[in-house]
Amino acid sequence: MIKIFKNFQKKDIFFVLICIGLIVLEVWLDLLMPDYTKNLTAILTAPGEKNISEVWVNGGHMFACAVGSFCAAVATAFFSSQIAANFSRTLRTRLFDKIESFSDAEINRFTVPSLITRTTNDVAQMQMLIAMGMQAMIKAPILAIWAICKISGTSIMWTSAVLIIIGSMLVFIGIIIAICYPKFKKIQRLTDDLNNKARENISGVRVIRAYNAEDYQRNKFESVNDEITRNNLFTSRVMGSLMPLLTLCMNALTLSIYWIAAILINNKSGMPERAQVVEDMTAFTQYSMQVVMAFMMLLMIFIIMPRALVSSKRINEVLDTTPSIVYPKEDKGVSFKGEIEFKNVDFNYPDSKVACLKNISFKVKPGETFAIIGATGCGKTSIINLIPRFYDVTSGEVLIDGVNVKDLSKNELEKTISLAPQKAILFKGDIKSNVGYGPNNDVDIDRVNDALSISESSFIKDLEKGIDSEVAQGGTNFSGGQKQRLSIARAVYKKSKIIIFDDSFSALDYKTDMLVRKNIKEKITDSSIIIVAQRIGTIRNADQIMVIDNGQVVGLGTHKELLNKCKVYKEIALSQLKEEEL
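Residues numbered from 1 in each chain as written. Predicted model: local features only at pLDDT ≥ 70, side-chain atom pairs only at ≥ 80, totals over all residues. Heavy atoms only, no water.

Asker: Just to check I follow, could you spell out the overall build of the chain for this structure?
Answerer: Tallying secondary structure elements over the chain gives 18 helices and 12 strands in all. For 582 residues, the compact-globule estimate of 2.2 N^0.38 gives 25 Å, and the C-alpha radius of gyration of the chain, at 36 Å, exceeds that figure by more than 25%. Principal-axis analysis of the C-alpha atoms places the extent of the chain at approximately 125 × 45 × 45 Å. Counting the 582 residues in the chain, one finds 46% classified as buried. Sequence-distant contacts, at least 24 apart, represent 77% of the contacts inside the chain between residues at least 6 apart. Summed over its atoms, the accessible surface of the chain is roughly 29700 Å², and 58% of this surface lies on carbon and sulfur atoms. Within the chain, one finds 68 positive and 60 negative side-chain charges whose respective centroids are separated by 3 Å. (Helix = DSSP H or I, 4+ residues; strand = E, 2+ residues; numbered from the N terminus. Rg over C-alpha atoms; globule rule 2.2 N^0.38 Å. Buried < 20%, exposed > 50% of the residue type's maximum accessible area, 1.4 Å probe, protein only. Contact = heavy atoms within 4.5 Å. Areas by Shrake-Rupley, 256 points an atom, 1.4 Å probe, with all protein chains shown as cover. Lys, Arg positive; Asp, Glu negative; His and termini not counted. Charge placed at Lys NZ, Arg CZ, Asp CG, Glu CD.)

Asker: Would you take a moment to explain the pattern of salt bridges for this structure?
Answerer: Inspection of the entire model under this criterion finds 15 salt bridges. Two residues, Arg-189 and Asp-193, come together in a salt bridge whose shortest N-O distance is 3.6 Å. Pair noted here: Arg-189 and Asp-193 are both in helix α5 (residues 156–203), with a separation of 4 residues, about one helical turn. Classification of Asp-193 by relative accessible area gives partly exposed; the value is 27%. Here the salt bridges share partners, and the residues they tie into one network are Asp-513, Arg-517 and Arg-535. (Salt bridge = Lys/Arg side-chain N within 4 Å of Asp/Glu carboxyl O.)

Asker: It is not clear to me how the packing of aromatic side chains should be interpreted in this structure. Could you clarify?
Answerer: The relation between two aromatic rings is expressed through the spacing of the ring centres and the mutual angle of the planes. What the rule picks out here adds up to 13 aromatic pairs. Plain terms: the ring middles of Phe-347 and Tyr-391 are 5.6 Å apart, the flat faces sit at 55° to each other, and that makes the pair tilted. Of the two residues, Phe-347 is situated in strand β1 (residues 340–347) and Tyr-391 in the loop between α10 (380–386) and β4 (395–400); the sequence distance between them amounts to 44 residues. Ring geometry for Phe-427 and Tyr-437: centres 4.6 Å apart, planes at 10°, overall stacked. Taken together, the residues Phe-427 in the loop between β6 (417–420) and β7 (429–430) and Tyr-437 in the loop between α12 (431–435) and α13 (445–454) connect sequence positions 10 residues apart. One aromatic cluster is present, built from ring pairs that chain together Phe-14, Phe-15, Phe-78 and Phe-79. (Phe/Tyr/Trp six-rings, centres within 6.5 Å; stacked < 30°, edge-to-face > 60°.)

Asker: Quick question: what am I supposed to make of the domain arrangement of the chain here?
Answerer: When the parts of a complex come together, some accessible area is lost, and that lost area is often taken as the interface size. The domain boundaries assigned to the chain delineate domain 1 (2–319) and domain 2 (340–581). The straight-line distance from the C-alpha centre of domain 1 to that of domain 2 is 56 Å. Taken together, the contact between domain 1 and domain 2 spans 5 residues of the former and 4 residues of the latter. Buried area between domain 1 and domain 2, both sides added, is near 330 Å², and the carbon and sulfur share of it is 48%. Where domain 1 meets domain 2, there are 0 salt bridges. One can count 1 residue pair in polar contact (both at pLDDT 80 or more) joining domain 1 with domain 2. Its residues assigned to classes, the side of domain 1 that touches domain 2 shows 1 nonpolar, 2 polar and 2 charged. (Domains from an automatic or database assignment. Buried area = accessible area lost by both parts, 1.4 Å probe. Polar contact = N/O pair within 3.5 Å; in protein donor to acceptor, adjacent residues only side chain to side chain. Nonpolar A, V, L, I, M, F, W, Y, C, P; charged D, E, K, R; others polar.)

Asker: What am I meant to see in the environment of Phe-5 here?
Answerer: For Phe-5, the location among the structural elements is in the segment before α1 (10–45). Linking Phe-5 and Phe-87, residues 82 residues apart in sequence, is a C-alpha distance of 8.6 Å. Each residue touching Phe-5, except ones within four places of it in the same chain, is listed here: Phe-87, Met-126, Leu-129 and Ile-130.

Asker: What is the right way to look at helix α18 (residues 567–576) in this model?
Answerer: Two residues of an α-helix separated by three or four positions point the same way, owing to the 3.6 residues in each turn. Among all positions in α18, only Tyr-569, Ile-572 and Ala-573 are buried. End-on view of α18: buried residues confined to an arc of 95°, all on one side of the axis. Set apart from the buried face of α18 by more than 90 degrees, the exposed residues are Lys-567 and Ser-575. Buried residues in α18 make contact with β3 (369–374), α16 (536–539), β11 (544–549) and α17 (559–565). (Arc of directions from axis to C-beta.)

Asker: I keep staring at unusual backbone geometry and nothing clicks. Help me out?
Answerer: Most peptide bonds take the trans form, and the phi angle of most residues other than glycine is negative. You will see that Asn-344, though not glycine, has its phi angle at about 50°, which is positive. Its place among the elements puts Asn-344 in strand β1. For Asp-503, which is not glycine, the phi torsion reads 55° and is therefore positive.

Asker: I tried to follow the sheet that holds strand β9 (residues 498–502) on my own but got confused; where do I start?
Answerer: In sheet architecture, strand pairing relies on hydrogen bonds along the backbone and comes in two forms, parallel and antiparallel. Overall, mixed pairing links the 6 strands, which are arranged β6-β9-β10-β3-β11-β12 in an open sheet. Edge strands, defined here as strands with exactly one partner in the open sheet, are β6 and β12 (552–557). Each strand axis lies, on average, 15° off the axis of its neighbour in the sheet, ignoring direction. Relative to strand β10 (residues 528–532), β9 is paired through 5 bridges, and the arrangement is parallel. Across the sheet, the residue bridging to Ile-499 is Ile-529, located in β10. Those strands touched by helix α14 (residues 480–493) are β6 and β9, and its axis lies near 175° from that of β6. Against the sheet, α18 engages β3, β11 and β12, with an angle of about 95° to β11. (Pairing = 2+ DSSP bridges. Axes fitted to C-alpha atoms, helices over the stretch in contact; angles between N-to-C directions.)

Asker: What am I meant to see in the side chain of Ser-504 here?
Answerer: Following the sequence through the fold, Ser-504 ends up in the loop between β9 and α15 (510–523). Ignoring anything within four residues of it in the chain, the contact list for Ser-504 reads Ala-420, Pro-421, Gln-484, Ile-488 and Val-532.

Asker: Teacher, can you tell me more about the packing of helix α7 (residues 214–240) against helix α8 (residues 242–266) here?
Answerer: What describes two packed helices is the angle between their axes and the distance between those same axes. Across the interface, α7 lies against α8 with an axial gap of 5 Å and an inter-helix angle of 5°. In this view, α7 runs roughly parallel relative to α8, as classed from their interaxial angle. Taken together, the residues of α8 that come into contact with α7 (itself represented by Val-238, Met-239 and Gly-240) are Leu-242, Met-243 and Pro-244. Across the contact of α7 with α8, the residue classes break down as 5 nonpolar, 1 polar and no charged. (Parallel < 35°, antiparallel > 145°, perpendicular 65-115°, else oblique.)

Asker: Would you mind showing me how to read the packing of α5 against α7 here?
Answerer: Contact geometry of α5 with α7 gives a least axis separation of 9 Å together with a crossing angle of 155°. Classified by the angle between their axes, α5 and α7 sit roughly antiparallel to one another. For the element pair α5 and α7, the recorded crossing hand is left-handed. Split into classes, the residues belonging to the contact of α5 with α7 amount to 14 nonpolar, 7 polar and 7 charged. (Left-handed = near helix turned anticlockwise from the far one by under 90°.)

Asker: Is there a simple way to explain the sheet that holds strand β5 (residues 403–404) in this structure?
Answerer: Sheet architecture is open: 4 strands sit in the order β2-β1-β4-β5, paired in antiparallel fashion. With partners counted over all chains shown, the strands left at the sheet margins are β2 (357–364) and β5, one partner each. With 2 bridges joining them, β4 and β5 adopt antiparallel strand pairing. The partner of Ile-400 across the bridge, within β5, is Val-403.

Given below as C-alpha cells:
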C-alpha cells in the first residue's frame, strides 16, 4: 500500500495537506462542542434565576462550531474526491504504459482478462479507498487521540472504561479482517476468471450458437459466478457484523459512563459536588461518543481496506514487472535497406523447455520476396515474431542490415517493419483511420487509396461513405476476406522497408489472392516482402521459399528447386495441386 501511494503527484500531495488542515479544523470545532454543552448544563442546573444571555451565547457558539464543522467536512470531501480521481488517472496511465511495454511473454503470463481487471476494477478499489476513506483515515486517529487526551484528566474510572471498550473494538475488527482478507484475495482472482468467461462467451457467440452450446457455456459462466457470489456473501455477512458489534460497544460505553457517574454521585455529600459530576458526565459522554464515532468512521475503512490491499498488491505486481525485452534508448541512425538475416537461431517459449525453433538460418536481400511454408504448428509464425521482437531468440542472432535487432531502438525497429498478422485486427473508427493507422494523425488520402488499390479492396466503392465508412470494434461489420484486405492495405500504407504478411491471404479467394500478390510485386519494389502461407499458389513465385518442418529448415530455394530436392515441399504441393499444374 505504501509503495502504491508513491504514485501520488505533487499537486495531489498539496491537496492532501489542505485536507489535513481542514480535518484538524473540523475536529477542533467538534471537540469545542462538549465544552459549550458543559457550560449550558452548569447554567441550567445552577440554583436561582437563569442568565438567558449566557445560554444564547453558548448556544450561538455551538451553532457556529456546527456550521464551521459542516463547511470543513464538505470542503474535505471535495478535495478528497479530486485527489482520488487524479490518483486513479495516474495509476491507470502508469498501468497502461507498463502493459504497452510488455512483450507477448508478460502478457501471456498475466493473461489479458487479468490485465483488464487490474487496470479497471483494481484501480477502482484504490479510488474508492481514497475518496471514501481518506477523510476517515486522517480524521479518526486525530479525533480519537485528541478526545482521549481531553477526557484523560476527568476520571480514571471513565478513562479506563473508554480504553477497555476501544480495546474490545480493535480485537473484533482484527478478527474480522483476518477472516475476510483471504476471501478478498480469492474474489479478485475470481473476477479475472469471470471476465475471461464473459469475454469468451461474447467473442465466440457465433460458434456457441452454431453448436447449440448456450447451456454448456452458461454453466461454465454460472460456475464462476456462483463461486464469486458465495465469497461475496461470506465477506459481506462477516463485515456486516462489525456494525452491530460497534453499536453494542457504544451502548456498553454509555451504560458504563452512567453507572460510574452514579457511583461518583453517591460518593459526594454536597449538591455542588454532585452538580459538578453531572457536568463532567455530560461533557465526558460527548467526548467518549466522539471517540466511538472515530472508530465508527474507521469501520468504513475496515470494510474497504482488505479488498484495496489485495488490489494494491495486484497493481504492484504489474508495475514491478520488468519487461523481458528492453530496447536501447538512442537510435543507431542507420538508413535501412531491408536486408534480414537469421544466424543459427534457436527459440523456445518462456513457459516451455522444448525448443520451438532449431538452428534457423536464412537471408533475405533488399527488395526480395521471401516465403515461408510448412505444416500447421511447425514454427512459421514463431519465426515471424522474432523479427519485430515480440519475443527474443534463445540463442543465435536476428539481423536487419547487419545490425542485431536487440541493438535497435523501439522507434527504429517499428519504423522499419510493418505487419499484417494472421488474425486481421481492425479498430473502431473508419476505414481511413484504420488503413492510415500509426503515430501520425494526418492521414494521406492518396496513399490510403493506393494501398486499398494494391489490396484489391474494391468493395469500399460500394459503401455509401467510401473510406469514411464506419468500422465497428474488431471489424465485426466486415467479412473475413474484407478485414484481411484492409489489414494488407494498412501494412502497405506504412511503406516500411520490411513488410510481413503472416498468413494474411488465407481468407482471400484464389483470384483476389493472385491479384493482390501481383500488385505487391509490381508496385512495391524497394521493400523486402516476407509471406507466410499455407497455399502453394500464394508463394510459388517468391524469390526464395523456406520450408519448415518441426521447427527446422528442411528446404530453401525457388519453387522449381524445392519440387526437385525437398520431399516435404513436394508433398505439400501435390496435396493442393495436380502435378501438371505444378
